[in-house]
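Summary of the model geometry
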There are 2 protein chains.
Amino acid sequence: MNKKINIGLIGLGTVGQGVVKVLSKFDNIDIITCAVKNLNKKRQVEVKNLTTDVYEVVNNPDVDIVVEVAGGVGVKDALMCAIKNKKHIVTANKELLARYGAELFDEARNNSTSILYEAAVAGGIPIVQPIKTSLKANDFDCVAGILNGTTNYILTKMEEENLSYEECLKKAQELGYAETDPTNDVEGYDAMYKIAILANIVFNRRIDVSNIYCEGITKISPFDIKSADELGYKIKLIAQAKKVDKTPDTLDIRVHPMLVDKNQAISEIRNATNAVLLSGFPVGKLMSTGGGAGEFPTSSSVVGDILQIVSEISNKDTILPMQVCHHDKFAYQIDINKTTNSYYLRLEAKNKLGIIGQIGLACSKYGINLSSILQKGTNENGSATIIVVTEMCLEDNINKMIQVLEESNDIKVVNKIRVM
Amino acid sequence: MNKKINIGLIGLGTVGQGVVKVLSKFDNIDIITCAVKNLNKKRQVEVKNLTTDVYEVVNNPDVDIVVEVAGGVGVKDALMCAIKNKKHIVTANKELLARYGAELFDEARNNSTSILYEAAVAGGIPIVQPIKTSLKANDFDCVAGILNGTTNYILTKMEEENLSYEECLKKAQELGYAETDPTNDVEGYDAMYKIAILANIVFNRRIDVSNIYCEGITKISPFDIKSADELGYKIKLIAQAKKVDKTPDTLDIRVHPMLVDKNQAISEIRNATNAVLLSGFPVGKLMSTGGGAGEFPTSSSVVGDILQIVSEISNKDTILPMQVCHHDKFAYQIDINKTTNSYYLRLEAKNKLGIIGQIGLACSKYGINLSSILQKGTNENGSATIIVVTEMCLEDNINKMIQVLEESNDIKVVNKIRVM
């Protein structure tokens, strides 16, 4: 349990620095060396033993886990070497896994080491591990999703602000969502690597990336987005892999823009958010959404993978060590009267002068502000129905305010519902 | 790897029968005994050694894993006995875990056995295990969700068909979504047990169920739903647990109906679907949705848990055995031209008679039906823009059809986008 685990890091860019920050609270895990391109670059974090030679990391006998967040396929030979040195691997490198995963996984099997890669697909969303574990009982028909945040951001801006593709790409570049050369994102290649990795584990088959049909978003115009809107659709860049017959031996895998029915929840996935859809038996349909890229969502998955390997190699006598429940301390649960909420109130009031004034007076007595008020005509019995939505206030205060209203005998509070 | 694992089942109702069906394809797992209330009830599946004595299951020395899908707190003593007998437990029993989880988990720790319970919260959605593993690096502020399918079904029907609570409850009962005595669902108790379990693992604290504020949906009227709609909200039964300060020592946990902004994706969760929201650092915001109850979604999670215990006790020499990649076979990936899709086409046509006829002719030549056609006035250059959405057809055929249109010199196909 208390053995220190040593990490060798490859890459100290945005994601690498996020990993260093998040790992800092785990006392039993040390980053003992890190390979970078440029030793002198200014960074937000400090790491011991920086080197420009990646082999110093993968050949370091004290390293237990190699964490690769550099990206690109150039790192392949170094990772093969790390595996031969019996190191476990955690990687966020989608291109590497999509192109050379088979070789790496074979080598890992031969050396009884793990390769975990939750961060390679859909950033912070837990999807790789659930497919391999909790959902293992399923036969899947289809996996699909919005797997690239940059293009989803561009399409969202085009829709919301009626701007051209070029203008929105520029915005995305200014915000750091898109790179100077945006090809990898906007032509769909990034999503293509990710759907290859997902298809691989969902259908348990090797995937040839060069056989994936791939079409980006550069030809989508605001006019298409508006026309689609009129017909009840939004336009999203969808990556999908599905069975053609009933077996996973033949698959239809592709990345291209699609019109998505507005009644489908995936049409509501905006900006840089990612979404993954799964459909299978017995589970039916699942959707998971969350941050698909960036320093922190990606670090969540990288560190989650590290913690799993650490728990396994530190607790060899326990099965499923991370599943053991260790919550011995009770939480103090606050009373509903001490909570702060926004409220919807349905009032039934006598149809006479000064009712709105009475409501206003009662509210101000307890410091309650209204964000909406809606009088809905008069009822058969001559009373008026008034709907009120408050800003945030203490439950205790709204109840006192309601008591004041009801004591007037002019107003009855028919329903109180909290606002999320 | 090839050791047979023996299951002792407790409960053979809807979920129990689902588990038997789903487990049937796993040759290395046998259900060797099952405790039921009524030996003679007609069932869709056959199980060896039925007994009405639950202690015959938990004391059976050949049983490796006790799978409890009976429900209710009456089974507690039997499960404590199973744990003392060193059996691993897989359970879907939310009330039991919410009320007596602490005792059960303590006993399991003392006996080095596992209790897995993915199915106890949100049915088929993988959420318990991701919180404990992939998301372990996070500090969470809030967990919330739609955790009861019955009440979400009733609220959806009230909204869509403008029916009273009572009418929709009756519908839900007819469809088997609600029980004859619906108290447990409609008063929010089922959601309360589930949020207690989630708060427990998200905040790593014990939760006292009796301190959870709980309000059901019986007072919601179609009038409230309509008024909320006018203000931009839907009404959902939300269970939530959040930190009050920055520590998990003090929590605000409750279940009650809420107005949810229509721009939030959770407002689109309809019928019996469940949704879980998580918010924390570093991951940010996550949402997972899927089937929350019923024979098959629940079986997905129960069998997923069983497979994890089986893989751990069968592969003691491998770390994270379920994460090992064994996909040696390539998939055959079909060509995009052989796929079937619905298409959005943007056409620019000369403004002359017979254009729509030409389109119709070209479509019928390749057996393509149109589901929408939208002429969008004439352009500055005198041409007309026509938007067409086809029904499903072969990619090969749509391309041939496009070729025919363009050969006429009267029509240009400006864009082709597939429909999801």
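Cut-offs applied
- Residues numbered from 1 in each chain as written.
- Chains lettered and ligands numbered in written order.
- Predicted model: local features only at pLDDT ≥ 70, side-chain atom pairs only at ≥ 80, totals over all residues.
- Helix = DSSP H or I, 4+ residues; strand = E, 2+ residues; numbered from the N terminus.
- Buried ≥ 20, exposed ≤ 12 C-beta atoms within 10 Å, placed from the backbone.
- Contact = placed C-beta atoms within 7 Å.
- Pairing = 2+ DSSP bridges.
- Axes fitted to C-alpha atoms, helices over the stretch in contact; angles between N-to-C directions.
- Nonpolar A, V, L, I, M, F, W, Y, C, P; charged D, E, K, R; others polar.
- Least-squares fit on C-alpha atoms with pLDDT ≥ 70 in both.
- Parallel < 35°, antiparallel > 145°, perpendicular 65-115°, else oblique.
- Left-handed = near helix turned anticlockwise from the far one by under 90°.
- pLDDT = per-residue confidence, 0-100.
- Right-handed = clockwise from strand over helix to strand, strands pointing away.
- Bend = angle between axes of the 7 residues up to and from the residue.
- Domains from an automatic or database assignment.
- Core = buried A, V, L, I, M, F, W, Y, C linked by C-beta atoms within 7 Å.

**So, the overall build of chain A**
The number of helices and strands found in chain A is 13 helices and 18 strands. Based on the C-alpha atoms only, the size of chain A along its principal axes is roughly 85 × 55 × 50 Å. Among the 420 residues that make up chain A, the fraction classed as buried is 50%. For chain A, restricting intrachain contacts to residue pairs at least 6 apart in sequence, the fraction spanning at least 24 positions comes to 69%.

**Considering the sheet that holds strand β1 (residues 5-10) of chain B**
Residue and element names in this part refer to chain B. Taking strand neighbours across the sheet as the criterion, the six strands line up as β3-β2-β1-β4-β5-β6 in an open arrangement whose pairing is parallel. Because the sheet does not close on itself, it has two edges, and the strands there are β3 (50-51) and β6 (115-116). Strands β1, β2 (29-35), β4 (65-68), β5 (88-91) and β6 of the sheet are contacted by helix α11 (residues 295-314), whose axis makes an angle of about 165° with β5.

**Comments concerning the sheet that holds strand β3 (residues 50-51) of chain A**
Residue and element names in this part refer to chain A. Here six strands make up an open sheet; going across it, the order is β3-β2-β1-β4-β5-β6 and the pairing parallel. The sheet is open, and its two borders are formed by β3 and β6 (115-116), each paired with just one other strand. By the bridge criterion, four bridges tie strand β1 (residues 5-10) to strand β4 (residues 65-68) in an arrangement that is parallel. When the bridges of β4 are listed, Leu 9 appears paired with Val 67.

**Looking at the interface of chain A and chain B**
Counting from both sides, the interface comprises 104 residues of chain A and, opposite them, 104 residues of chain B. With 12 residues, helix α11 (residues 295-314) of chain A is the largest single contributor of residues to the side of chain A that touches chain B. A class-by-class count of the residues in the side of chain A that touches chain B yields 53 nonpolar, 31 polar and 20 charged.

**Structural notes on the relation of the copies chain A and chain B**
If you rotate chain A by 180° and push it 0.0 Å along the axis, it lands on chain B with an RMSD of 0.0 Å. Both copies of the chain, as the preceding transformation shows, are related through a two-fold rotation axis. Closest approach to the rotation axis among the C-alpha atoms of chain A is made by Ser 288 of chain A, whose C-alpha sits 2.1 Å away.

**Concerning the packing of helix α1 (residues 14-23) of chain A against α11 of chain A**
All names here are of chain A. Their axes nearest at 8 Å, the elements α1 and α11 cross at an angle of 60°. On the basis of the axis angle, α1 is oblique to α11. Like other packed secondary-structure pairs, α1 and α11 cross with a definite hand, here right-handed. Two secondary-structure elements touch here, α1 through Thr 14, Val 15, Gln 17, Gly 18, Val 19, Val 22 and Leu 23 and α11 through Glu 295, Phe 296, Thr 298, Ser 299, Val 302 and Val 303.

**Some words on the confidence of the model for chain A**
With 100% of its residues at a pLDDT of at least 70, chain A reaches an overall mean of 95. With a pTM of 0.94, the predicted complex shows an ipTM of 0.94.

**Structural notes on the pairing of strand β9 (residues 233-243) of chain B**
Residues and elements named next belong to chain B. Buried residues dominate β9, accounting for nine of its 11 residues. Bridge count for β9 against strand β10 (residues 250-261) is 11 bridges, and the pairing is antiparallel. Directly across from Lys 236, in β10, lies its bridge partner Met 258. Between β9 and the antiparallel strand that follows it, β10, lie six residues.

**Some remarks on the environment of Gln 129 of chain B**
Mapped onto the elements of the fold, Gln 129 of chain B is located in helix α5 (residues 128-132). Each C-alpha atom of the pair Gln 129 of chain B and Leu 116 of chain B lies 8.6 Å from the other, and the pair is 13 residues apart in sequence.

**Points about the pairing of β5 of chain B**
Residues and elements named next belong to chain B. Burial of β5 is two-sided: the residues His 88 and Val 90 facing one way and the residues Ile 89 and Thr 91 facing the other way are all buried. Relative to β5, β4 runs parallel, the two being bridged by four bridges. Across the sheet, Ile 65 pairs through a bridge with His 88, a residue of β5. With respect to chirality, the unit in which β4 leads through helix α3 (residues 76-84) into the neighbouring parallel β5 is right-handed.

**Comments concerning helix α4 (residues 94-110) of chain A**
Residue and element names in this part refer to chain A. The largest bend along α4 reaches roughly 85° and is located at Tyr 100. Turning to α4, its buried residues are Lys 94, Glu 95, Leu 96, Leu 97, Ala 98, Gly 101, Leu 104, Phe 105 and Ala 108. At its buried positions, α4 is contacted by α3 (76-84), β5 (88-91), β6 and α9 (189-203). A positive phi of about 50° marks Ser 112, the residue just after α4.

**Focus: the domain arrangement of chain A**
Residues and elements named next belong to chain A. Under the domain assignment, chain A is made up of domain 1 (5-123 + 297-323), domain 2 (128-291) and domain 3 (336-419). Between the C-alpha centres of domain 1 and domain 2 there is a distance of 27 Å. Listed by partner, the interface residues are 14 residues for domain 1 and 17 residues for domain 2. Sorting elements by how many residues they give to the side of domain 1 that touches domain 2 places α4 first, with seven residues. Grouping the constituent residues of the side of domain 1 that touches domain 2 by class yields eight nonpolar, two polar and four charged.

**Overview of the nonpolar core**
Grouped together as the largest cluster of nonpolar side chains are 265 residues, with contacts concentrated most on Val 67, Ile 195 and Ala 199 of chain A together with Ile 195 and Ala 199 of chain B. When neighbours within four sequence positions are excluded, Ala 199 of chain A is seen to be in contact with Val 143, Ile 207, Ala 241, Leu 251 and Ile 253 of chain A.

**Some points on unusual backbone geometry**
Residue and element names in this part refer to chain A. The omega torsion of the bond from Phe 281 to Pro 282 falls at 10°, within 30 degrees of zero and hence cis. Note that Pro 282 resides in the loop between β11 (273-281) and β12 (284-291). Positive phi, normally seen in glycine, also occurs at Asn 409, with a value near 65°. The residue Asn 409 is located in the loop between α13 (395-407) and β18 (411-419) in this model.

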